[in-house]
Amino acid sequence: MRTTTRLGVATAALAVTAIALTGCAAGSSGDTASSAPAKAASGPAIDLSDVCPATVVVQTDWNPEGEHGHLYEMLGPNPSIDASGKTVTGDLYANGKSTGVKLEIRAGGPAIGYTKVASQMYQDKDITLGYMSTDEQVQFSGNLPTTAVFAENDSSPMSIMWDPKTYPDVDSIEDLGKALEENGGVVRYFNGAAYMTYLEQSGILPKKVLDGSYDGTPAKFVSAGGKDAQQGFATAEPYIYQNQVAAWGKKVAYKPVSSTGWNPYPEAMSVRTGDLSKLEPCLQKLVPVMQQADVDYLKAPEATNDLITQLVQQYNNGWTYDSKVGAFAASQMVKLGLAKDTDGYIGSMDEQRMQDFIDKAKPVFAGTGDVKSDLKPSDLFTNEFLDKSIGLGN
């Protein structure tokens with residue numbers, strides 16, 4: 001989840017301030033964004049005012065970044081930025097026109113004290129939708145149940161990276177584990193990561209190579225001179241370490257954790273399960289808007305990435321991000337198939353894949369979470385609101 005894993009890029013950026021991605025500029029509550037995504041006027045007007053809340057509130061799991069591009073794509077011109085509250089609010093746009101309601105996007109992670117999104121959603125009922133990954137949905141399915149209605153990405157960018165010159169023959173995470181064991185190296189990660197428990201339990205990585213001391217900075221990876229591996233995001237670290245970490249300044253190899261079988265849907269737009277019926281009229285109209293915004297962002301991310309960069313600068317909480325990293329993220333999401341048309345359209349989730357993940361996740365969360373005893377895929381998601389005509393190929 002972002003509250004533990006995405007922290008790495010934030011603090012890594014702090015450690016390399018001489019090559020920071022952007023300068024941080026303090027903003028004040030009520031500031032207006034100087035730029036916003038260009039809204040091409042195409043397609044009919046969509047009115048959400050009669051079925052959705054006057055303000056659709058979305059709780060994200062981290063600071064603004066390219067993986068959230070589909071969400072910021074929906075903001076109309078001149079959104080209002082609350083730098084102290086780490087939120088941005090504007091007209092919710094579709095097809096280049098206002099839908100008659102507002103969209104408020106709340107930053108997560110440090111902005112909410114690293115509170116889990118599910119907890120935040122149940123503490124604050126003003127939140128309409130929140131970013132929930134399947135692993136967290138499973139973990140908190142007993143007391144904090146959520147239902148995903150749209151998966152903007154099909155797979156997570158969470159990866160393990162290594163130096164290809166030190167380990168030229170490694171082509172999988174399992175191969176990497178063997179190579180690290182032979183060479184006395186470790187894979188460094190944030191302690192408590194659920195995926196790492198799975199990799200250990202399944203025998204993909206031997207326990208002796210696991211090092212939960214990752215603190216988010218590049219220092220240990222760099223000083224190891226290629227001997228060690230490290231967690232990272234396929235949408236960020238490969239670019240950052242080659243281009244913006246001067247002490248490394250070369251390519252890294254990486255494999256997504258999803259390649260091992262631990263394959264949750266990341267950051268799926270989700271509602272409190274008990275509110276699903278009440279929100280159904282809204283979701284029938286809103287979910288296709290989110291699908292189209294995702295397609296629009298991935299095809300032309302530049303303006304939205306500029307807005308994301310501006311938000312990061314004004315929020316000024318140590319996270320650094322610029323449009324170059326955003327462009328890399330958008331490109332990688334398509335190139336690696338993280339975002340793709342599944343079943344011919346974007347945003348759908350698969351029942352058998354959900355069941356397989358539940359089977360893998362239950363042992364991982366045994367005794368550590370609140371997993372519903374009879375949990376089934378239909379408890380976690382629905383595809384009923386998706387428009388099958390909206391996709392990257394359409």
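Residues numbered from 1 in each chain as written. Predicted model: local features only at pLDDT ≥ 70, side-chain atom pairs only at ≥ 80, totals over all residues. Heavy atoms only, no water.

Brief notes about the side chain of D275
Okay, so step 1: Relative to the helices and strands, D275 resides in the loop between strand 13 (268-272) and helix 10 (276-299).
Okay, so step 2: A residue is classified by how much of its surface remains accessible, and D275, at 16% relative accessible area, is buried.
Okay, so step 3: In this structure the side chain of D275 is engaged in a polar contact, spanning 2.7 Å, whose partner is the side chain of R272. (Helix = DSSP H or I, 4+ residues; strand = E, 2+ residues; numbered from the N terminus. Buried < 20%, exposed > 50% of the residue type's maximum accessible area, 1.4 Å probe, protein only. Polar contact = N/O pair within 3.5 Å; in protein donor to acceptor, adjacent residues only side chain to side chain.)

Notes on a negative patch on the surface
Okay, so step 1: A contiguous patch of negative charge on the surface is contributed by D343, D350, E351, D356 and D359.
Okay, so step 2: Structurally, D356 is set in helix 13 (residues 351-365).
Okay, so step 3: Residue D356 is classed as partly exposed on the basis of its relative accessible area of 34%. (Patch = residues over 30% accessible without salt bridge, like charges linked within 9 Å, V, L, I, M, F, W, Y side chains within 5 Å. Areas by Shrake-Rupley, 256 points an atom, 1.4 Å probe, with all protein chains shown as cover. Salt bridge = Lys/Arg side-chain N within 4 Å of Asp/Glu carboxyl O. Lys, Arg positive; Asp, Glu negative; His and termini not counted. Charge placed at Lys NZ, Arg CZ, Asp CG, Glu CD.)

Examining the state of the cysteines
Okay, so step 1: If you walk through the whole model with that rule in mind, you get one disulfide.
Okay, so step 2: Paired by a disulfide, C52 and C282 hold their sulfur atoms 2.0 Å apart. As the torsion about the S-S bond is roughly 95°, the C52-C282 disulfide counts as right-handed. With C52 in the loop between strand 1 (31-32) and strand 2 (55-59) and C282 in helix 10, this pair connects stretches of sequence that are 230 residues apart. (Disulfide = S-S within 2.5 Å.)

Some remarks on the packing of aromatic side chains
Any two aromatic rings considered together are summarised by their centre-to-centre distance and by the angle between their planes.
Okay, so step 1: This model, assessed by the stated rule, comprises 10 aromatic pairs.
Okay, so step 2: Ring centres of F190 and Y214 lie 4.9 Å apart, and the angle between their planes is 65°; on these two criteria the pair is classed as edge-to-face. With F190 in the loop between strand 9 (187-188) and helix 7 (194-201) and Y214 in the loop between strand 10 (210-211) and helix 8 (219-223), this pair connects stretches of sequence that are 24 residues apart.
Okay, so step 3: Ring centres of F221 and W248 lie 4.7 Å apart, and the angle between their planes is 55°; on these two criteria the pair is classed as tilted. One end of the pair, F221, is in helix 8; the other, W248, is in the loop between helix 9 (237-243) and strand 12 (253-256), and 27 residues separate them in sequence. Across the pair, exposure class does not vary: F221 and W248 are buried alike.
Okay, so step 4: Taken together through their ring pairs, the aromatic side chains of W62, Y114, W319 and Y321 make up a single cluster.
Okay, so step 5: Lying over the aromatic face of W248, K250 brings its terminal NZ or CZ to 4.5 Å of the ring centre. (Phe/Tyr/Trp six-rings, centres within 6.5 Å; stacked < 30°, edge-to-face > 60°. Lys NZ or Arg CZ within 6 Å of the ring centre and 35° of its normal.)

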